[in-house]
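# Summary of structural features
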Amino acid sequence: MILTNDYIRGLIEGEGCFSFCNVPLKNGQSMKPRLPMFTITMNERDGDLVEAVRNHLNIKTRMYRLGPYRKDGHNRDAIVRLMVRDLGTLKNTIVPFFYKRLYGHKGIQFEEWLENIGRDTNVPKNYKVIWRLYKSGYYDKNPKF
């Protein structure tokens, strides 16, 4: 399956998420670190599509297959999820790929996510480089995609 950059951006407008995940406390830590995270989650029948997105963006992170879920009496199909939390991939692939290229509400969420990386005191200091590059205009001057 060959995808285009614009197709992937459109898919993420509807199915993607830019958020944070809490990391368990380690010895000596007083607050739970929150890692910036990009995810796309779809029904298992679209697993090949999620994998094609991962391959197109050259992301090494593994995909998760979860479910099906039926414990609460509802029949929910299994899902496929791609989660990107590592600093290198977020900084060098995810942010440049989507920066100023999401036009719906997801574009607003993306900008707020970048701001929150800098603002949230629970985001590890090494991840703040993403916010500093964003604020310095680096992603404006060095378009990668």
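Here we summarise the structure given alongside this text. (Residues numbered from 1 in each chain as written. Predicted model: local features only at pLDDT ≥ 70, side-chain atom pairs only at ≥ 80, totals over all residues. Heavy atoms only, no water.)

### Overview of the packing of aromatic side chains
Going by this rule: Pairing of aromatic rings covers Phe, Tyr and the six-membered ring of Trp, with a centre-to-centre limit of 6.5 Å; geometry is then stacked below 30 degrees between planes, edge-to-face above 60, and tilted otherwise. Helix and strand definitions here come from DSSP, where helices need a minimum of 4 consecutive H or I residues and strands a minimum of 2 consecutive E residues; each element is numbered from the N-terminal end. Buried, partly exposed and exposed residues are distinguished by accessible area as a fraction of the type maximum, computed with a 1.4 Å probe on protein chains only: under 20%, between the cut-offs, and over 50%, respectively. The rule is short: NZ of Lys or CZ of Arg within 6 Å of the ring centre and within 35 degrees of the ring normal puts a charge over the ring.
Tallying each qualifying case throughout the model produces eleven aromatic pairs. Ring geometry for Phe 18 and Phe 110: centres 4.9 Å apart, planes at 70°, overall edge-to-face. Residue Phe 18 is found in strand 1 (residues 16-22), and its partner Phe 110 is found in helix 4 (residues 105-119); the two are separated by 92 residues along the sequence. In terms of burial, Phe 18 and Phe 110 fall into one category: buried. By way of ring pairs, the aromatic residues Phe 18, Phe 38, Phe 97, Phe 98, Phe 110, Trp 113 and Phe 145 are connected into one cluster. Positioned above the aromatic ring of Phe 97, the side-chain terminus of Arg 9 is 4.2 Å from the ring centre.

### Quick look at the pattern of salt bridges
Convention followed: A pair is scored as a salt bridge if a Lys or Arg side-chain nitrogen falls within 4 Å of a carboxyl oxygen belonging to Asp or Glu.
In the structure shown here, the tally under the stated rule is six salt bridges. For Asp 140, the salt bridge identified is with Lys 100, shortest N-O distance 3.0 Å. A residue pair is termed long-range when its members are at least 10 positions apart, and Asp 140 in helix 6 (residues 138-141) and Lys 100 in the loop between helix 3 (87-98) and helix 4 qualify at 40 residues. Taking relative accessible area as the criterion, Asp 140 reaches 40% and is therefore assigned partly exposed. One salt-bridge network, held together by shared partners, links Glu 115, Arg 119 and Lys 135.

### What about the environment of Pro 24?
Tracing the backbone through its elements, the reader meets Pro 24 in the loop between strand 1 and strand 2 (34-43). Placed ten residues apart in sequence, Pro 24 and Arg 34 show a C-alpha to C-alpha distance of 9.3 Å.

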